[in-house]
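# An overview of the molecular structure
Listed here are the chains, written in short residue letters.
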Amino acid sequence: MRARLVIIFCLLVSGVLHGQSRKNDRINGSFTDATLETILDSLTAQTDYFFSYNSELLPKGSLYTISGDNLPIDQFLSKLLIGTGLKYSFFKDQIILNYEPPQQVIKKKNFFTISGTVFDENNQPLSSANIFLDGTTIGVSSDIDGNYKLESIPPGYYDIVFSHVGYENAVYQVSENNGGARIQNHQMELDLGQLEEVEVISNRIRRNENSWLAHYTTFKKELLGQSENAEKCVIENPEVLNFTYDESNDILRAFTQHPLQIRNDALGYRITYFLESFKKEKTDLRYRGKIRFRNSEPLNGNERREWRKNRRDSFYGSFNHFKQSLLNGDLKKEGFRIYRLKSIDNFEILKENELDASDIIVFKGDHYELDFKNHLVVEFRKEKESELFLRKSGFVDILYSKSISPEGILIREPGPQISVIRLLRGSVRLDLSGEIMDRFGMTTYGYWSWERTSDLVPINYDPKFDNL
């Protein structure tokens, strides 16, 4: 292959005109979850072009969905290769694929960096502090001099978290849309209550082992969820959890002085979860925390491909996918439909209540505002509901009450995934990258609320460029 490429590049200049005369060859057909090699082979059969490339440069385990309706081949290739780092050029009856290193791709975007120094309570440099952007894979530890640097951060709005054993966590909000660099220093404060709580928590676990296990079972189900992915998630240090339960009001609370370590064997992530609050009151659940994602190391190529597929499945149809599609103006193309809903108690999707993106999102110059009345129904048509959702989700009783038999049996087939948004403010602000600036300004029901921590991918996840 290398020798052949050398010959091709030597002859490239003489073949440019011939290549240009065939760029208008048309492509017809569509591909669903096909490998790049399969699509290139099909293009060869359609056009008689021969693709020349080093197979080691192709994305491993990626599947592509793309359609071409009498589309010129150069436009089809431009669309197909987005996010792969591959570039194409024509030479006679050949199309040559070359790889553009990620560093060059990064320079073309408005990525930014955050750096600084972490100090202890005596204003001395503090090593081994964890610094990360909440909900992302972007994080480092401070060095022996307390210095750290977070690089290649996509434009957007983030919470940067500082954490260290024995110190209180600290969170700052940062936002950048034009690239560049910023400095964020921080002095950690001692967590004076941490050592006192350790013995108390340990004693409570020993004295109330049975009740603790019952509460832990509830907590685990609510935090991780009940989806197929949740079955492959493990909380590795449950002993750090403690619970209080108000039996008269049926209120369960959970707290911990140490972050939860969660291994997600469905998506290939190791998650550090800094639980800030957890309250379950009858059917009402509220919890929040800061999350750092790390990639697990796959055992083999098959596991890598499975994780990549599962990550794509988790992303498509998710709230993050919805936000991106909303801001890009391609909701319908991506499979979403949105509808006005007056009341969740009288749930019914009516065609006359269908809305456009412009009905719910307003551009304000330096941010967006999500603005609508009552409730918003979001339907994702490219993926059906999970059977586990139909069997276990309490939302089904509301959503499909007319489809449930007197014996409680669901008498319908899985349909499109349906979620509901309710604003808790008059409107909710989003930054230019789509991140919600007031994360407690809205709540969701349905599929988005049923999918929990086990179904999350990082907010910086890109299905076309997974760095697994």
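Presented here is a report on the structure given in the accompanying data block. (Residues numbered from 1 in each chain as written. Predicted model: local features only at pLDDT ≥ 70, side-chain atom pairs only at ≥ 80, totals over all residues. Heavy atoms only, no water.)

Turning our attention to the overall build of the chain. A count of helical and extended segments in the chain gives twelve helices and 27 strands. The contacts of the chain with a sequence gap of at least 6 include a subset with a gap of at least 24, amounting to 64%. Carbon together with sulfur atoms contributes 47% to the accessible area of the chain, which is approximately 24,600 Å² in total. (Helix = DSSP H or I, 4+ residues; strand = E, 2+ residues; numbered from the N terminus. Contact = heavy atoms within 4.5 Å. Areas by Shrake-Rupley, 256 points an atom, 1.4 Å probe, with all protein chains shown as cover.)

What follows concerns the nonpolar core. One finds Phe 219, Leu 241, Phe 243, Leu 260, Ile 262 and Tyr 273 to be the most contacted residues of the largest nonpolar core, which totals 26 residues. Residues in contact with Leu 260, not counting those within four places in the same chain, are Phe 219, Leu 223, Ile 235, Asn 237, Val 240, Leu 241, Ile 271, Thr 272 and Tyr 273. (Core = buried A, V, L, I, M, F, W, Y, C linked by side-chain atoms within 4.5 Å. Buried < 20%, exposed > 50% of the residue type's maximum accessible area, 1.4 Å probe, protein only.)

In spatial order, the strands read β21-β20-β24-β25-β27; together these five strands make up an open sheet with antiparallel pairing. Only two strands of the sheet have a single neighbouring strand rather than two, namely β21 (354–355) and β27 (442–446). Strand direction decides the pairing type here: strand β24 (residues 375–384) and strand β25 (residues 416–423), joined by seven bridges, are antiparallel. When the bridges of β25 are listed, Leu 376 appears paired with Ile 421. Its contacts with the sheet place helix α9 (residues 319–328) against β20 (336–341), β24, β25 and β27, and it is angled at close to 95° to β20. (Pairing = 2+ DSSP bridges. Axes fitted to C-alpha atoms, helices over the stretch in contact; angles between N-to-C directions.)

As a further point, take the environment of Ser 248. Among the secondary structure elements, Ser 248 is positioned in the loop between β15 (241–246) and β16 (251–256). Since its relative accessible area comes to 66%, Ser 248 is described here as exposed. A polar side-chain atom of Ser 248 sits 2.8 Å from a polar atom in the side chain of Asp 246. (Polar contact = N/O pair within 3.5 Å; in protein donor to acceptor, adjacent residues only side chain to side chain.)

A few words now on the packing of helix α3 (residues 36–47) against helix α4 (residues 73–80). Relative orientation of the contacting elements α3 and α4 amounts to 180°, with a least axis distance of 13 Å. On the basis of the axis angle, α3 is roughly antiparallel to α4. Facing α3, whose interface residues are Leu 36, Ile 39, Leu 40, Leu 43 and Thr 47, α4 presents Ile 73, Phe 76, Leu 77 and Leu 80. Across the contact of α3 with α4, the residue classes break down as eight nonpolar, one polar and no charged. (Parallel < 35°, antiparallel > 145°, perpendicular 65-115°, else oblique. Nonpolar A, V, L, I, M, F, W, Y, C, P; charged D, E, K, R; others polar.)

Under the counting rule described, the total for this entry stands at 24 aromatic pairs. On the basis of an interplanar angle of 90° and a centroid distance of 5.8 Å, the ring pair of Tyr 88 and Phe 90 is categorised as edge-to-face. Taking relative accessible area as the criterion, Tyr 88 reaches 26% and is therefore assigned partly exposed. Between Phe 132 and Phe 274, the ring centres sit 5.4 Å apart and the planes meet at 20°, which makes this aromatic pair stacked. (Phe/Tyr/Trp six-rings, centres within 6.5 Å; stacked < 30°, edge-to-face > 60°.)

With that out of the way, let us pick up a nonpolar patch on the surface. A cluster of nonpolar residues, Leu 57, Tyr 99 and Phe 465, forms a patch on the protein surface that exposes about 260 Å² of accessible area. Using a relative accessible area of 44% as the deciding quantity, one classes Phe 465 as partly exposed. (Patch = residues over 30% accessible without salt bridge, like charges linked within 9 Å, V, L, I, M, F, W, Y side chains within 5 Å. Salt bridge = Lys/Arg side-chain N within 4 Å of Asp/Glu carboxyl O.)

A word on α9. Burial analysis of α9 places seven of its ten residues in the buried class, the great majority of the element. Listed as buried for α9 are Phe 319, Asn 320, His 321, Phe 322, Lys 323, Ser 325 and Leu 326. The positive-phi residue at the C-terminal boundary of α9 is Gly 329, with phi of around 75°.

Turning our eyes to something else, we now look at the environment of Ile 66. One can find Ile 66 in strand β3 (residues 64–72). Residue classification places Ile 66 among the buried positions, given a relative accessible area of 6%. In this structure the C-alpha to C-alpha distance between Ile 66 and Leu 80, which are 14 residues apart in sequence, comes to 7.0 Å.

Right, let's get into the pairing of β16. Successive residues of a regular strand alternate their side chains across the two faces of the sheet. Judged from the six bridges that link them, β15 and β16 form a sheet pairing that is antiparallel. Considered in β16, the bridge of Leu 241 is made with Thr 256. Note that β16 and strand β18 (residues 269–281) share three bridges and pair antiparallel. Paired with Leu 252 across the two strands is Lys 280, which belongs to β18.

What follows covers the sheet that holds strand β10 (residues 156–163). Pairing is antiparallel across the open sheet formed by four strands, whose spatial order is β8-β7-β10-β11. Edge positions in the open sheet fall to β8 (139–141) and β11 (170–176), since each of these has one partner strand only. Each neighbouring strand pair of the sheet contributes to a mean axis angle of 15°, computed without reference to strand direction. Relative to β10, strand β7 (residues 130–133) runs antiparallel, the two being bridged by four bridges. The partner of Leu 133 across the bridge, within β10, is Ile 160.

Along the polypeptide, Leu 224 turns up in helix α7 (residues 209–224). Sequence separation of Leu 224 and Trp 450 is 226 residues, and the distance between their C-alpha atoms is 9.8 Å. Contacts of Leu 224, omitting those with residues within four sequence positions, involve Ala 230, Cys 233, Ile 235, Ile 262, Arg 452, Thr 453 and Ser 454.

A surface patch of like charges, here positive, comprises Lys 79, Lys 333, Lys 382 and Lys 464. By secondary structure assignment, the location of Lys 333 is in the loop between α9 and β20. (Lys, Arg positive; Asp, Glu negative; His and termini not counted. Charge placed at Lys NZ, Arg CZ, Asp CG, Glu CD.)

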